[in-house]
Amino acid sequence: MQNSWINSVVFYHIYPRSFKDSNSDGIGDLNGIIEKLDYLKDLGVGGIWLSPVYKSPMVDFGYDISDYYVIDSIFGNLEDFKLLIGKAHQKNIKIIMDFVPNHTSDKHPLFLKSSASKDSPWRDYYIWHEPKKNGHPPNNWLSVFGGSAWEWDKQTGEYYLHSFLKEQPDLNWRNPVVRKLMFQVLKFWLDLGVDGFRVDAIHHLYKDKLLRNNPKNPSFKPGKDDPFDEFTPLYIKWQPEMFEETANLCHFINKYKDKFVVTEVYGEIYQLMKFYQACSKKLPKKKQGCIAFCPFNLQLISLPWKASAYKTFIDEYDATLCNGELPNYVLGNHDRSRIATRIGTLQARVAAIMLLTLRGVPFIYYGDEIGMKDVTIPKKMVFDPFEKNIPGKGLGRDPERTPMQWDNKPHAGFSKVTPWLPVSGDFKKFNVSSELKDKKSILSLYKKLIHLRNNSEVLQEGKYYSLPVSTDIFAYIRAGETGKLLVVLNFSAKKQTINFKNFAKGKMLINSYLDTKHEKIVDLNKLILQGNEGYVFAV
Ligand code: GLC
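These notes cover the structure that comes with them. Source: prediction; values computed, not measured.

### A short note on the site of the ligand
Not every one of the 13 residues close to the ligand is listed here, only the nearest: D60, D200, E264, H334 and D335. Taking H103, its side chain carries an N or O atom lying 2.9 Å from an oxygen atom of the ligand. Protein chains shield 95% of the accessible area of the ligand, which is 310 Å² for the free molecule. Judged by the fraction of its atoms near the pocket grid, the ligand is located in the largest pocket. Within the shell around the ligand, the residues separate by chemical class into three nonpolar, three polar and seven charged.

Structural data, given as structure tokens:
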């Protein structure tokens with residue numbers, strides 16, 4: 001592996017609007033993040049992924065960029081950003097930025113020029129098409145955020161494509177100038193010192209040249225499913241050129257030393273593998289698999305909380321990866337319901353053990369380390385355009401984006417004024433300050449786990465293999481040059497007794513309840529697990 005830090009890093013995903021407000025406007029900012037770097041260092045985090053902080057009209061809260069070279073004034077300015085990078089680097093914390101290549105804001109100067117007239121020299125920077133004879137959009141493609149993916153432009157009498165909001169027109173990546181401009185953006189931030197990128201919505205990058213209709217999805221349940229699922233997105237996503245472009249992007253970034261790229265992609269294992277394949281194909285043979293790149297593995301977010309489901313998925317994923325190809329694991333992000341809400345508070349502790357003892361790069365979503373849950377947002381306070389467009393289906397993302405809970409003071413110490421989204425009602429119980437003092441808190445568990453990982457060759461480099469145990473237990477070994485660890489996770493609420501025939505005794509390193517009553521050396525021939533309990537043993 002080319003980049004040594006990637007083998008050992010634990011990433012922390014910050015949604016900047018909600019992390020820490022330093023200037024009392026109710027919205028988090030870069031100086032707020034700087035204030036909290038010591039907290040992250042103490043937690044053991046080695047890398048931060050920042051959701052977008054570029055200039056934006058904020059219709060999709062930063063994923064609609066109007067200037068890729070400017071920090072939005074809500075978050076600060078370029079000097080603040082440089083300060084953040086500098087201070088983080090001093091603490092040995094890497095920073096990766098979000099990079100949004102599929103679309104810009106409709107307020108981006110390029111879109112303004114492109115939409116000025118049909119024969120604008122910039123017209124082809126975006127995807128425009130004439131209407132059908134009946135005036136309807138060119139095909140049946142849908143936008144992820146509801147309705148047709150085509151927006152009618154009265155002024156020029158054509159439709160433009162937007163895979164997301166109408167305020168997020170899709171760039172035309174088949175235009176070489178667009179490609180060049182986007183690579184220039186990457187260069188700018190790399191030269192400034194960022195350590196890599198999380199690339200947004202990469203599987204949307206190319207669309208079928210012939211604009212063919214997507215086929216109907218036979219299993220779609222109208223009124224119940226996400227309306228986007230009415231059609232299988234065969235032609236609006238997943239085009240072969242996209243893999244090629246991902247490879248170009250990785251190789252561009254790979255020219256710099258010690259950088260890392262992770263691409264957002266919700267897909268099956270075989271689809272994720274295509275990314276690895278495409279990237280390593282471009283490398284000389286002996287370096288294949290040596291690129292500091294991985295497509296996000298977001299599958300755990302939608303798996304049912306069942307030991308068998310996790311074991312099956314992780315076994316298959318791990319076995320499919322080649323030597324040197326980096327796995328990664330994620331329990332939540334700014335688009336999905338929080339782990340503690342999805343599976344429960346005790347279960348979230350078991351999940352934390354799993355996240356931080358599996359092979360590859362773990363990503364922690366801010367607040368998950370203190371057990372934050374989704375917050376119900378009253379209708380009147382909804383911000384997320386997804387919820388506004390398709391209300392009442394649970395698609396809205398405000399619930400998982402609420403302010404970080406720092407202490408039990410007003411507004412959970414996030415801000416001196418009322419924050420943009422409401423603070424969770426349970427912040428007096430779940431907050432950093434109280435949990436740091438509580439030796440059994442989920443935060444103490446996260447800290448222990450990260451520090452164990454940061455100091456363990458076995459967890460950083462060791463191989464993974466699972467053990468057949470029982471339907472409710474997921475157990476696996478991490479085997480490195482310096483030893484072996486056994487991880488045992490009880491996915492059920494029932495007490496379980498397990499006999500690990502091959503290991504007589506284990507030295508208990510971590511228990512999910514952080515229950516000090518447990519003995520240090522444990523008999524693994526008769527291991528008793530309480531409901532929702534997880535362990536890490538040295539064996
Ligand atoms: C990605 C982001 C999401 C955003 C969308 C459009 O899925 O994670 O937050 O709304 O892309 O950019």
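Structure's up, so let's keep going.
### Points about the packing of aromatic side chains
Within the structure shown, the criterion is met by 45 aromatic pairs. Seen from their ring centres, W49 and F296 are 5.5 Å apart, and the 45° between their planes marks the pair as tilted. Here F296 lies in the loop between β11 (293–295) and α9 (307–320) and W49 lies in strand β2 (residues 47–50), a separation of 247 residues in the sequence. Classification of F296 as buried rests on a relative accessible area of 1%. Note on F183 and F252: the rings are 5.2 Å apart at their centroids and 75° apart in plane angle, and the pair reads as edge-to-face. Taken as a pair, F183 in helix α6 (residues 176–192) and F252 in helix α7 (residues 240–254) lie far apart in primary sequence, 69 residues in all. By the burial criterion, F183 is buried, and F252 matches it. Three or more aromatic residues joined by ring pairs form one cluster here, namely W5, F11, W49, F260, F296 and F363. When the ring centre of W128 is taken as origin, the NZ or CZ atom of R123, which lies over that ring, is 3.5 Å away. One Lys or Arg, R338, reaches over the ring of Y366 and ends 4.7 Å from the middle of that ring.

Reading the values: rules and limits
Residues numbered from 1 in each chain as written. Predicted model: local features only at pLDDT ≥ 70, side-chain atom pairs only at ≥ 80, totals over all residues. Heavy atoms only, no water. Near = heavy atom within 4 Å. Polar contact = N/O pair within 3.5 Å; in protein donor to acceptor, adjacent residues only side chain to side chain. Areas by Shrake-Rupley, 256 points an atom, 1.4 Å probe, with all protein chains shown as cover. 1 Å grid on protein atoms, 1.4 Å probe; cavity = no way out; pocket = protein on both sides within 12 Å on 5 of 7 lines; lining within 4 Å. Sits in = over half its atoms within 2 Å of the grid points. Nonpolar A, V, L, I, M, F, W, Y, C, P; charged D, E, K, R; others polar. Phe/Tyr/Trp six-rings, centres within 6.5 Å; stacked < 30°, edge-to-face > 60°. Helix = DSSP H or I, 4+ residues; strand = E, 2+ residues; numbered from the N terminus. Buried < 20%, exposed > 50% of the residue type's maximum accessible area, 1.4 Å probe, protein only. Lys NZ or Arg CZ within 6 Å of the ring centre and 35° of its normal.

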